[in-house]
Amino acid sequence: MNLNENFDDIIDMERPWSEEILRKHPKMSPQDRAKIFAPFEALRGHSERIGEEAGKAMKSEEIEVCGDENEGDK
């Protein structure tokens, strides 16, 4: 049995909107709905801080690598 067969009688029906529902919750434009789901920064400065920490970690790794190479030459 196909699952869509269960809903063949209602699949093309419009959603029932009463006057009360429309008054309390007017329909939104697609642009307004998109704003709801737009990305936002929950923790201000978090991404910058993570970038700083990653940069410090890479610099310390570079120093260690350079230090190991110099020790081998002596």
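Just so it is clear, the model here is predicted, and its values are computed rather than measured. (Residues numbered from 1 in each chain as written. Predicted model: local features only at pLDDT ≥ 70, side-chain atom pairs only at ≥ 80, totals over all residues. Heavy atoms only, no water.)

S.K.: Even after reading the chapter, I still don't get the pattern of salt bridges, so can you show me in this structure?
M.R.: Think of it this way: side chains of opposite charge can pair up when their charged atoms draw near. Tallied over the full model, the rule gives two salt bridges. Here K24 makes a salt bridge to E20, at a shortest N to O gap of 3.2 Å. Of this pair, K24 and E20 are both found in helix α1 (residues 19–24), four residues apart, which corresponds to roughly one turn of the helix. A relative accessible area of 45% means that E20 is categorised as partly exposed. The shortest N-O distance in the salt bridge between D32 and K35 comes to 3.8 Å. Of this pair, D32 and K35 both sit in helix α2 (residues 30–36), three residues apart, which is roughly one turn of the helix. For D32, a relative accessible area of 35% translates into the label partly exposed. (Salt bridge = Lys/Arg side-chain N within 4 Å of Asp/Glu carboxyl O. Helix = DSSP H or I, 4+ residues; strand = E, 2+ residues; numbered from the N terminus. Buried < 20%, exposed > 50% of the residue type's maximum accessible area, 1.4 Å probe, protein only.)

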